[in-house]
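Summary of the model geometry
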Amino acid sequence: MNLGTDFLTLKLKNPIIAGASPLSSTLDGIKRLEDAGAAAVIAHSLFEEQINHEQRQIDHFIHITAESHAEAISYFQAENRFDNFSAERYLREIEEAKAALSIPLIGSLNGVSAGGWVQYAKAIEAAGADALELNITYIPTSMHLSGAEVEQMYVQTVASVREYLNIPLNIKMNAYFSSPAHMARRFVELGIAGVTIFDNPTRVDIDLELLTALRMPNITTSQSLSETLRWCAILYRQLPCTICAGTGVHTHEDLLKALMSGANTAALASVLLRHGAEHIGVILQGLEAWMEAHEYESVRQMIGSISLAHTDNPAAFERNSYMYALQHYRS
Ligand SMILES: Cc1cc2nc3c(=O)[nH]c(=O)nc-3n(C[C@H](O)[C@H](O)[C@H](O)COP(=O)(O)O)c2cc1C
């Protein structure tokens, strides 16, 4: 049985990628994910804000050393303000992880503007990453910023990152565009090699005891798979790039559905945070058992088998299904 599939320009031994999460933020964690059977690992993200913060600290340090006397410098160093070289540490982590792994390692940059931070894409490549994932999650809160302007901002950021890279680039999209398919096409035109459908931003809540707003990571369930399936099915065959199912894959059944709807791979986070990296083995066993029972010989054979690629008018199909589902509800 052949579980092999494609992610960007890489050949993977199976469709399970360990997505960016705290599990991929340490060398031990990354090794555990590989040992558990992950076909590739996406490192936790380096954020634009971390890079910019560091740059400001360095600028400040250079300014102080150039213009101050020795006492001022030693005072400044004694404050220990340079402990947190997160960007440099991130590059070291990528280097170490790459040396320790035999599966592909994907770096992850997370930012929204087209500023100097995008040069870190090159640094992550130089540190040894096999590919880069770019997560651009921006919540536009201004009533003066049009959808077209937000889209242009995304396009500019992707174009700037692309400019620095020779390794393949994956865009982790979000579902907030008026036309996700059009945005995916624009990204592909910029030379990206794959999209992840979708990012799952933080959850908003209010703590009624502390009377404060909360932003928490969104730990998903299989219920969150629906939009992933919808958009993988819509984009399959429309995009000349790979599709990674990015949200809500928790079981081998979820994985099968994602593949059949058109995903080449699935990136898992919540299920592994909940049950541990070793759960990858459980999902892979379930996948193989199902494929054997249903006489599938390869994963590639089932990709897109239940997508909208064979539908003449996918928009009309979606609209009809929507109407039918609402009109035929029985409690
Ligand atoms: C605790 C936590 C930390 C995460 N950290 C990152 C991150 O650093 N970068 C990123 O792009 N996504 C991050 N994510 C998002 C996941 O990679 C993934 O896209 C999302 O959780 C949806 O997949 P899931 O349904 O398997 O959880 C994080 C998710 C969680 C729950």
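Given the structure is predicted, the values throughout are model-derived calculations rather than measurements.

This part covers the nonpolar core. Judged by nonpolar contacts, the single largest core of 87 residues is most densely connected at Ile17, Ala38, Val41, Leu132, Cys232 and Ala266. For this core, the element with the highest residue contribution is helix H8 (residues 225–235), accounting for seven residues. In this structure, Val41 is in contact with Ala18, Ser24, Ile30, Leu33, Glu34, Ile103, Leu105 and Ile106, ignoring residues within four places of it in sequence.

Time to look at the packing of H8 against helix H9 (residues 252–261). Interaxial distance between H8 and H9 falls to 8 Å at its minimum, and their mutual angle equals 25°. If you check the angle between H8 and H9, you find them roughly parallel. Within the contact between the two elements, H8 uses Leu225, Thr228, Leu229, Cys232 and Ala233 and H9 uses Asp254, Lys257, Ala258 and Ser261. Taken together, the residues of the contact of H8 with H9 sort by class into five nonpolar, two polar and two charged.

Let us now look at unusual backbone geometry. In this model, Ile197 is joined to Phe198 through a cis peptide bond whose omega is -5°. Tracing the backbone shows Phe198 in the loop between strand S9 (194–197) and strand S10 (203–207). Located in the positive-phi region is Glu295, a residue other than glycine, with phi close to 60°. By C-beta crowding, Glu295 is classed as exposed, having 6 other C-beta atoms within 10 Å.

Quick look at the site of the ligand now. Close to the ligand lie 25 residues, the nearest being Ala20, Ser45, Thr220, Ala269 and Ser270. Residue assignment for the shell around the ligand shows that the elements contributing at least two residues are strand S6 (105–110) and helix H10 (270–275). Among the elements that take part in the shell around the ligand, H10 stands out by supplying three residues, more than any other. Per-class residue counts for the shell around the ligand are nine nonpolar, 14 polar and two charged.

It is worth spelling out helix H7 (residues 180–189) at this point. Turning to H7, its buried residues are Pro180, Met183, Ala184 and Phe187. Seen along its axis, H7 keeps its buried residues to an arc of 100°; they face one direction. Across from the buried face of H7, at angles greater than 90 degrees, the exposed residues are His182 and Glu189. Packing partners of the buried residues in H7 comprise helix H6 (147–163), strand S8 (169–173), S9 and H8.

The rules behind the values
All residue numbers refer to positions counted from 1 along the written sequence of the respective chain. Totals for whole chains, interfaces and linings use all residues, but because this is a predicted model, local features are given only for residues with pLDDT of at least 70 and pairs of side-chain atoms are given and counted only at 80 or more. Buried Ala, Val, Leu, Ile, Met, Phe, Trp, Tyr and Cys residues form a nonpolar core when they are connected through C-beta atoms within 7 Å. Residue burial is a threshold on neighbouring C-beta atoms within 10 Å of the residue's own C-beta, all placed from the backbone, with 20 or more meaning buried, 12 or fewer meaning exposed, and counts in between meaning partly exposed. Helix and strand definitions here come from DSSP, where helices need a minimum of 4 consecutive H or I residues and strands a minimum of 2 consecutive E residues; each element is numbered from the N-terminal end. It is the C-beta atoms, placed from the backbone, that decide contacts: two residues are in contact if theirs lie within 7 Å. As a rule, the C-alpha atoms of each element are fitted with a line to give its axis, helices using only the stretch in contact, and angles between N-to-C directions run from 0 to 180 degrees. Any angle that falls under 35 degrees is termed roughly parallel, while one over 145 is termed roughly antiparallel, one within 65 to 115 roughly perpendicular, and all others oblique. All amino acids are sorted into three groups, where Ala, Val, Leu, Ile, Met, Phe, Trp, Tyr, Cys and Pro are nonpolar, Asp, Glu, Lys and Arg are charged, and the leftover types, Gly among them, are polar. Each residue receives a C-beta atom placed from its backbone. It is near a molecule or strand if this atom lies within 6 Å of it. This arc is taken over the directions from the axis of the helix to the C-beta atoms.

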